[in-house]
Amino acid sequence: MHAAATAIPGEDRAAEISRLLGEGGDLLGARLAAHRDLRTAALPDRVRHLWRFTNPAHLLPGDPAVPAPELFASVNEGPAAARVVLRPGAAPHVTVSPAAAAAGVEVAPIASSTDLDLQLGDEADGSPVLFGALNRALWNCGVRVRIPRGVTLEAPLHVRVEAAAPAVLPRLLVEVGEDAEATLVEEHVGGREGTRVVARTELDAAAGARLRHVLVQRWSEGVHGHLTARARAGRDADLRTTFASLGGSRAKVELLSDLAGEGARSEMRGIAFGAADQRFDHHTRHRHLAGRTWSDIDFKAVADGRARSSYTGLIRIEEAARGAEAFQENRNLLLADTGRADSIPELEILNEDVSCSHGATVAPVDPEQIFYLQSRGLAPEAAVRLVVHGFLAGALDRMPERTRESVLKLVTARLDGWKGAAA
Amino acid sequence: MSARQQVLGINDNYTERYGFSDPEDYFLKAPKGIDHELVEMISRKKGEPEWMRDLRHKALDIFLEKPMPRWGNTEMLGGIDFDDIHYYIKPKGEQARDWDDVPADIKRTFDRLGVPEAERKFLAGVTAQYESEVVYHSIREDLEAQGVLFCDMDSGLRDHPEIVRRFFGTVIPTRDNKFSALNTAVWSGGSFIYVPKNVKVEIPLQAYFRINAENMGQFERTLIIADEGSSVHYIEGCTAPTYSSDSLHSAVVELIAMKGAHIRYTTIQNWSTNVFNLVTKRAHAHEDAVVEWVDGNIGSKLTMKYPAIVLKGERAHGEVLSIAFAGHGQHQDAGAKMIHAAPNTTSRIVSKSISKDDGRSSYRGLVQMARGSRGCRTNVECDALLIGERARSDTYPTMDIAEDDVRVEHEARVSKVGEEQLFYLQSRGLDEDKARLMIVNGFIEPFVKELPMEYAVELNRLIELEMEGSVG
């Protein structure tokens, strides 16, 4: 089981990336400690359902100390409170709007081992130790964002991670202070055949904070990646996650939300649209740790061609979480008879004072809807496109305008490539 | 204990009703533990053909080589000590066809459990298994005259070797899982049923399984074949004494519904809470066939059972209707599997569970649609009711869909008894306990109404037990 160790870059590579980033303080020590954990960590158990659909060996990165070439040309993506570009082997490229800077928003490189994580508490269950340790030992680009208490940011914080080297290990840490409010857009772009990404995002929403996290994955073909976002919501905090998975060849995405404070809320809306031979494997987990917490996840997947979407979702309501409410939906639309969908929506409820439900469906495009649209004069293919757009609309509506437009463009391009039901 | 906690005292008087034990007086009690010598001994005593003996030995190797499951309640599973189990116990006396010929002590046991009474009232045939062997067996003459075969599995192998050899292990291969391998190695007893073409067995056939000895392992093997256009309803019930150390029940049940046939298999499992109940049940449904598993899990310490239907022929239909009740210390890990392997097959799963005190019930299910199984539909509904602060409910469904022209729906709800429902019923003059019972009865009603009347009455009675003392 420890075969993983041989496929993982050695500790000299951890030292090399540390040198490349010009790290001071005790960061190298933290890398080496994590690397020691790696050597004894097994690959996740494929017998267990969380890794049944993705072979973890296919996600292991190569040498993280290969720096990326030049920055991509910057594009105007509308107003932002801050704009960060992360490239492997380089310091983060950061611009902060004057308003955000004046409000005390900090966007800075990770500078010490105490900066390295947000102490979100026990990690067990969903996220395997191996990939967590991998990122801690070998992360090769990262940024830490702090939003002071009471600050409301109207414009989004935009972080673009460019998969511009063979191994991309970004680390993104975001703290939202008490009663503060912010939108974080995390966008994964670029890459080529053979690129491997192991990303780690940690989000801490303090009491009364409101955080919207928008995660867009639009890698190029050939990229294999593992994205983990872990969030913790304090008392009455409100987390809203919107994710869109469109690119890459194999993507495993784990979204883990801990409702740690009384009255905390977490809403997730997500879409995946796969074509050709793409493989998407999404896992969401809501852990209700405190009373009167609320969560709602709705994930919609479309599979065209030979694409396969797998979803495992867990709602766990602990004994202490009395009066919790949780809802979970997963709908899958297969556009071709070679598409495939797996769905494992799970509930674990450890106290009686809850209200909880989940539902999952897999179906083709409803012929009655198509018939109706055709009767209104639409061509059959246009009708299908309209139905798919409608299917995905709920999640897209929750994105900031510029992000929504760019995702919509990708969805539309995908649908233009759709060959029709008869094909 | 508050009145509220006393409600739903299912099986609180288990010891007195079912948990009694008889003094042990056996013809043969194999020493504890399992090895090739034991397998050889069982096979020789039964005078089995060569192929079955070989199969048993191979199965033992597979059992020993396979690891324990790494999923489910691994903590409880880890408590099974395979060296501390008697794998074969043969009671005294020969199999009887007349109730009066059953040895007196065993007869007393089944009299207490109400088996002969049930037979008189509403059954077309009965077998009663005590430890490893079937001790009583009967079938109505008219069915026998129509060619219906209903006997214990050992007799089936002896008297109808060609049918048994053709179908045995074809639905559940030895290698399927660790416990199917164990069963194949040491199986004894169980039912063998063959229903000829177009024969409809209108009245249910029943088997009653009883474990009496401590640290007993019961490994019955059941094979039911419904030939083209026939139909049959089979019911099994299970109980055991309450001991402080654990027993193991690990059955393998194979059903084959040929073209247009209909099999309904009803289980009311009420093992004592020291029994591990690890059972593999699977059916093949051919063209236009219908298979239904009606599965009630009330007893046992840990049950792991997921009745499966492989829909092999076009337009076959499968249904699983299950109810689980998990009280103190119990884990009911039950569910269903539907494999849609042919076009236009349909299925439905309805699962209801009640967790009480620190009881845990899990629904674990699989719906699979192979590529090319066009026009298939399935609908899965899980409802869980929690009673008690530490009660636990899990839902683990898996949907694996490789065909676009299908419709798959899954829904689950978990709730406690609603305060509003209680309030409403109380405002209508019911006291709280009666109101609670009424809500619970309403919850399981879709299951109960599928049972033959006597069973429905029995289940309702089980649920009402302890109610008397809880008022005031």
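Because the structure is predicted, anything quoted here is derived from the model rather than measured.

**Student:** Which parts of the structure should I look at to understand the overall build of chain A?
**Tutor:** Each helix and strand in chain A was counted, giving eight helices and 20 strands. Since a compact globule built from 423 residues should have a radius of gyration of about 22 Å, the 21 Å found for chain A is in line with a globular shape. Taken across its 423 residues, chain A has 55% of its residues classed as buried.

**Student:** Any chance you could explain the overall build of chain B here in plain terms?
**Tutor:** Counting its regular elements, chain B contains 15 helices and 24 strands. Expressed as lengths along the three principal axes of its C-alpha atoms, the size of chain B is roughly 70 × 60 × 45 Å. Counting all 472 residues of chain B, 54% fall into the buried class.

**Student:** Any chance you could explain the pairing of strand β7 (residues 170-176) of chain A here in plain terms?
**Tutor:** When a strand is regular, its side chains alternate between the sheet's two faces. Residue and element names in this part refer to chain A. Among the seven residues that make up β7, five are buried, leaving the element largely enclosed by the rest of the structure. Note that strand β4 (residues 141-147) and β7 share seven bridges and pair parallel. Its bridge partner being in β7, C141 is matched across the sheet by P170.

**Student:** What should I look at first to understand the interface of chain A and chain B in this one?
**Tutor:** One frequent convention defines the size of an interface as the accessible area lost when the parts assemble. At the interface, 34 residues of chain A touch 33 residues of chain B. Of all the elements in the fold, those that place two or more residues in the side of chain A that touches chain B are β19 (340-349) and β20 (354-363) of chain A. Here the side of chain A that touches chain B is built from residues that sort into 15 nonpolar, nine polar and 10 charged.

**Student:** Looking at this structure, I do not really get helix α2 (residues 11-20) of chain A. What am I missing?
**Tutor:** Given 3.6 residues per helical turn, the α-helix brings residues three or four places apart onto the same face. Residue and element names in this part refer to chain A. When α2 is considered as a whole, its buried residues turn out to be R13, A14, I17 and S18. End-on, the buried residues of α2 take up no more than an arc of 145 degrees, which puts them together on one face. Exposed positions of α2 whose direction lies more than 90 degrees from the buried face are D12 and R19. Against α3 (27-40) and α5 (129-138) lie the buried residues of α2.

**Student:** Explain the confidence of the model for chain A to me, please; I cannot follow it from the model alone.
**Tutor:** In low-pLDDT regions, the fine details of the predicted coordinates are not to be read closely. Of the residues in chain A, 94% have a pLDDT of 70 or more, and the chain-wide mean is 91. The least confident element of chain A is helix α1 (residues 3-7) of chain A, whose mean pLDDT is 59; the most confident is β7(A), at 98.

**Student:** I'm lost on the packing of helix α7 (residues 380-396) of chain A against helix α8 (residues 401-416) of chain A in this one. Help?
**Tutor:** Residue and element names in this part refer to chain A. It is the contact of α7 with α8, at a shortest axis distance of 11 Å, that shows an interaxial angle of 155 degrees. In terms of their interaxial angle, α7 and α8 are classed as roughly antiparallel. When you trace α7 past α8, the crossing you get is right-handed. Counted together, R385, V388, L392 and L396 of α7 and R404, V407, L408, V411 and L415 of α8 form the full contact between these two elements. Of the residues assigned to the contact of α7 with α8, the class counts are seven nonpolar, no polar and two charged.

**Student:** Hey, could you run me through α7(A) in this one?
**Tutor:** All names here are of chain A. When the terminal C-alpha atoms of α7 are compared, their 24 Å separation across 17 residues agrees well with the 24 Å that a helix rising 1.5 Å per residue should span. Its maximal kink placed at G390, α7 deviates by approximately 30 degrees. The complete set of buried residues in α7 reads A383, V384, R385, V388, F391, L392 and A395.

**Student:** Is there a simple way to think about the confidence of the model for chain B in this case?
**Tutor:** Residues and elements named next belong to chain B. Taken residue by residue, chain B gives an average pLDDT of 87. The fraction at 70 or more is 92%. Long-range and interchain partners of residues 1-7, a stretch whose pLDDT sits below 50, account for 14 contacts in this model, where long-range means more than four residues apart. Overall, residues 465-472 carries pLDDT values under 50, and its contacts beyond four positions in sequence, including any with other chains, amount to 18 contacts. Confidence estimates for the predicted assembly give a pTM of 0.87 and an ipTM of 0.81.

**Student:** What is the right way to look at the environment of T184(B) in this model?
**Tutor:** Residue and element names in this part refer to chain B. Tracing the sequence through the fold places T184 in helix α11 (residues 178-186). Measuring from C-alpha to C-alpha, the distance between T184 and G388 comes to 40 Å, with 204 residues separating the pair along the chain. The residues touching T184, leaving out its near neighbours within four places in the chain, are L55, R56, A59, G169, T174 and V252.

**Student:** How should the environment of A272(A) be read in this particular structure?
**Tutor:** Residues and elements named next belong to chain A. Turning to its location among the elements, A272 is positioned in strand β14 (residues 265-274). Looking at A272, the number of C-beta atoms within 10 Å reads 28, which means it is buried. The spatial distance from the C-alpha of A272 to the C-alpha of S245 is 4.6 Å, given a sequence separation of 27 residues.

**Student:** Just to check I follow, could you spell out the pairing of strand β13 (residues 262-269) of chain B for this structure?
**Tutor:** Residue and element names in this part refer to chain B. Counting buried positions over the eight residues of β13 gives eight, a clear majority of the element. Burial of β13 is two-sided: the residues H262, R264, T266 and I268 facing one way and the residues I263, Y265, T267 and Q269 facing the other way are all buried. In this sheet, β13 lies alongside strand β10 (residues 231-239) in parallel orientation, the contact comprising eight bridges. When the sheet's bridge partners are listed, C238 is paired in β13 with Q269. The sheet contact formed by β13 and strand β15 (residues 290-297) spans eight bridges and is parallel. Bridging from a neighbouring strand, I268 pairs with G296 of β15.

**Student:** How should I be thinking about the environment of V411(A) in this particular structure?
**Tutor:** All names here are of chain A. Within the secondary structure, V411 sits in helix α8. Sequence separation between V411 and I8 is 403 residues, and the spatial gap between their C-alpha atoms is 35 Å. Residues in contact with V411, not counting those within four places in the same chain, are F273 and L392.

**Student:** Honestly, unusual backbone geometry in this entry has me stumped. Any pointers?
**Tutor:** Backbone geometry follows two general trends: most residues other than glycine have a negative phi, and most peptide bonds adopt the trans configuration. Even without being a glycine, D179(A) presents a positive backbone phi close to 60 degrees. Secondary-structure assignment places D179(A) in the loop between β7 and β8 (181-190). The backbone of S300(B) shows a phi angle near 80 degrees, a positive value even though the residue is not glycine. Within the fold, S300(B) resides in the loop between β15 and β16 (302-305).

**Student:** Sorry, what's going on with the packing of α3(A) against α5(A) here?
**Tutor:** When two helices pack together, their arrangement is captured by the angle between the axes and the distance separating the axes. All names here are of chain A. Where α3 contacts α5, the axes come no closer than 7 Å and their chain directions differ by 150 degrees. By the angle between their axes, α3 is roughly antiparallel relative to α5. Handedness of the crossing formed by α3 with α5: left-handed. In this structure, α3 contributes A30, R31, A34, H35, D37 and L38 to the contact, and α5 contributes A133, L134, R136 and A137. A breakdown of the residues in the contact of α3 with α5 according to their chemical character gives six nonpolar, one polar and three charged.

Rules and cut-offs
Residues numbered from 1 in each chain as written. Chains lettered and ligands numbered in written order. Predicted model: local features only at pLDDT ≥ 70, side-chain atom pairs only at ≥ 80, totals over all residues. Helix = DSSP H or I, 4+ residues; strand = E, 2+ residues; numbered from the N terminus. Rg over C-alpha atoms; globule rule 2.2 N^0.38 Å. Buried ≥ 20, exposed ≤ 12 C-beta atoms within 10 Å, placed from the backbone. Pairing = 2+ DSSP bridges. Contact = placed C-beta atoms within 7 Å. Nonpolar A, V, L, I, M, F, W, Y, C, P; charged D, E, K, R; others polar. Arc of directions from axis to C-beta. pLDDT = per-residue confidence, 0-100. Axes fitted to C-alpha atoms, helices over the stretch in contact; angles between N-to-C directions. Parallel < 35°, antiparallel > 145°, perpendicular 65-115°, else oblique. Left-handed = near helix turned anticlockwise from the far one by under 90°. Expected span 1.5 Å × (residues − 1). Bend = angle between axes of the 7 residues up to and from the residue.

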